[in-house]
Amino acid sequence: MSLRKAEAKKRRTAFMLTLPLLAFITVMFLVPLLGMVWLSVANTAVRDYMPKTVSALATWDGKELPPEKAYAAVGEDLTAAFKARTFGRVAKRLNEEMPGVMGVINKTSFRSNKLKTPPASWKDELIKIDPKWGQMPIWNLLKRQSSMFTADYYLAAIDMQVSPTGHIERVPSYERIYIKLFIRTAWMSALVTVLTLVLGYPLAYWISRMPASRANLMMIAVLLPFWTSLLVRITAWIVLLQSHGVVNSLLVESGMVAENARPQLINNALGTVIVMTQVLLPFMVLPLYSVMRSIPDSYMRAAVSMGAHPWRAFWRVFAPLTVSGVGAGVLLVFILSIGYYITPELVGGQNGQFISNRIAYNVQQSLNWGLAAALGTILTVVTLILFLIYGMITGKGKVSIA
């Protein structure tokens, strides 16, 4: 019994030691993650600032224009919202779903607030202020936005929308940007992952076969970029790759290209791939090196001594033993790539932008936090799916990079 108590005490002590880490993960990761998911489905603007309208439209069937009480509710809600200076939030939210509605809400709020007494007919008054109040689309929009939760942000994230008649349809071709960005992010991240694997595998193999003292020195060289600011490294690449930079100047001086035919190496997809490959290469080398270092040299020597060619011995004996390191490195680099922001922003130009850049735009400029949260949630789900797939393939359920 005393042994059992001692073991229980050890477990409690170990758990208490992990509490600071659990608290940090909860506050810095789980809470923001849940907040992001909430923002992606929350739809509180109309419910909070137009409560009478929500109540009046609760029983409306949507087949014809709503009754007078709905018009009166809109007039009273927008008058109160104008006095409370909250009508702009309603206008912004509705305008995200139906461009042009912001002007209608702003004008109606201002005009209704100017009325000395309630009009005999709010319906006539609102239609007089703006004819759109006499049309079904704006009322269908108000009815739809009366719900506490919405899928509109996720529809927008895949270039879909709800039509004025209530049907889900694709947005016009000139507005379809997010699917293209998701595809571009995926294939460019995959390309960066392949390049880092091609470059990192032989480098990790070479370092792992060195004596310990030299291997440690080479690993310091691999890790050296971590001690330099990312912005400094990207700026250095800009100097190297720009039209009149070091690389282009060397190409012109060597006669490989003409002065007026300098290749565009930056502000495009090529620049993004080049810089991201260099930045993320250490993340591929580290898991590969840790696995390769643990493989004894005697395995290769035994295969060669039994008549196998060194290349055959490498591919049949050594390479299969590094699969876990390859999987961990590929997963790590790909996940980091799809969420990269700074590098595509600085060197990507128009054709090298990632979905993360559009998320930043929605957060910082258009202030459409719901759409940004939906895009971020989709990226998070994709990351989790990749993690689970890797666990299923390896049969471990967890990824180890050490």
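Summarised in this report is the structure supplied together with it. On a predicted model such as this, the values are computed, not experimentally measured, just so you know.

**Quick look at the overall build of the chain**
Then, in step 1: Looking only at helices and strands, the chain has 20 helices and two strands in total.
Then, in step 2: Over its C-alpha atoms the chain spans a radius of gyration of 30 Å, topping by over 25% the 21 Å that the globule rule assigns to 402 residues.
Then, in step 3: Taking the principal axes of its C-alpha atoms as reference, the chain extends roughly 100 × 85 × 35 Å.
Then, in step 4: By the burial criterion, 37% of the 402 residues in the chain qualify as buried.

**Some details on the pattern of salt bridges**
Then, in step 1: For the coordinates displayed, the defined rule picks out nine salt bridges.
Then, in step 2: Put simply, K92 and E96 hold a salt bridge, and the shortest N to O gap is 2.8 Å. One end of the pair, K92, and the other, E96, are both in helix α5 (residues 87-97), four residues apart, so they sit about a helical turn from each other.
Then, in step 3: For R93, the salt bridge goes to D152, with nearest N and O atoms at 3.9 Å. Highlighted residues: R93 in helix α5 and D152 in helix α9 (residues 152-157), separated in sequence by 59 residues.
Then, in step 4: Exposure remark for R93: the relative accessible area of 6% places this residue in the buried category.

**Notes on the side chain of N268**
Then, in step 1: Structurally, N268 can be placed in the loop between α13 (246-253) and α14 (269-293).
Then, in step 2: N268 gets classed as buried once you look at its relative accessible area, which sits at 14%.
Then, in step 3: Discounting residues that sit within four places of it in the chain, N268 has contacts with V347, G348, G349 and G352.

**Thoughts on the environment of V326**
Then, in step 1: The topology assignment puts V326 in helix α17 (residues 323-338).
Then, in step 2: Residues V326 and K107, 219 residues apart in the sequence, show an inter-C-alpha distance of 61 Å.
Then, in step 3: Residues in contact with V326, not counting those within four places in the same chain, are L197, Y201 and L288.

**Things to note about helix α11 (residues 212-223)**
Then, in step 1: Under the 1.5 Å per step criterion, the end-to-end length of α11 is 16 Å for twelve residues, consistent within 8% with the ideal 16 Å.
Then, in step 2: For α11, every residue scored as buried is listed here: A215, M219 and V222. Taken around the axis of α11, the buried residues stretch over an arc of 50°, which confines them to a single face. Facing away from the buried side of α11 by over 90 degrees, the exposed positions are S213 and L217.
Then, in step 3: Packing partners of the buried residues in α11 comprise α10 (178-208) and α14.

**Observations concerning helix α4 (residues 68-84)**
Then, in step 1: The end-to-end C-alpha distance of α4, which contains 17 residues, comes to 24 Å, matching closely the 24 Å that a straight helix rising 1.5 Å per residue would cover.
Then, in step 2: Looking only at α4, the buried set comprises A70, Y71, A72, A73, V74, G75, D77, L78, T79, A81 and F82.
Then, in step 3: Buried residues along α4 sit against α2 (45-49), α3 (51-57), α5, α6 (101-114), α7 (122-129) and α8 (136-144).

**Let's talk about the nonpolar core**
Then, in step 1: Membership of the largest hydrophobic core comes to 36 residues, with the highest contact counts inside it found for Y201 and F318.
Then, in step 2: Elements represented by at least two residues in this core include exactly α10, α11, α12 (230-241), α14, α15 (297-305) and α16 (310-321).
Then, in step 3: No other element matches the twelve residues that α14 contributes to this core.
Then, in step 4: Setting aside anything within four residues of it in sequence, one finds Y201 in contact with T196, L288, M292, F314, F318, A319, T322 and V326.
Then, in step 5: Within the second largest apolar cluster, 26 residues are counted, among which are V46, L57, I105 and W139.

Rules behind the numbers
- Residues numbered from 1 in each chain as written.
- Predicted model: local features only at pLDDT ≥ 70, side-chain atom pairs only at ≥ 80, totals over all residues.
- Heavy atoms only, no water.
- Helix = DSSP H or I, 4+ residues; strand = E, 2+ residues; numbered from the N terminus.
- Rg over C-alpha atoms; globule rule 2.2 N^0.38 Å.
- Buried < 20%, exposed > 50% of the residue type's maximum accessible area, 1.4 Å probe, protein only.
- Salt bridge = Lys/Arg side-chain N within 4 Å of Asp/Glu carboxyl O.
- Contact = heavy atoms within 4.5 Å.
- Expected span 1.5 Å × (residues − 1).
- Arc of directions from axis to C-beta.
- Core = buried A, V, L, I, M, F, W, Y, C linked by side-chain atoms within 4.5 Å.

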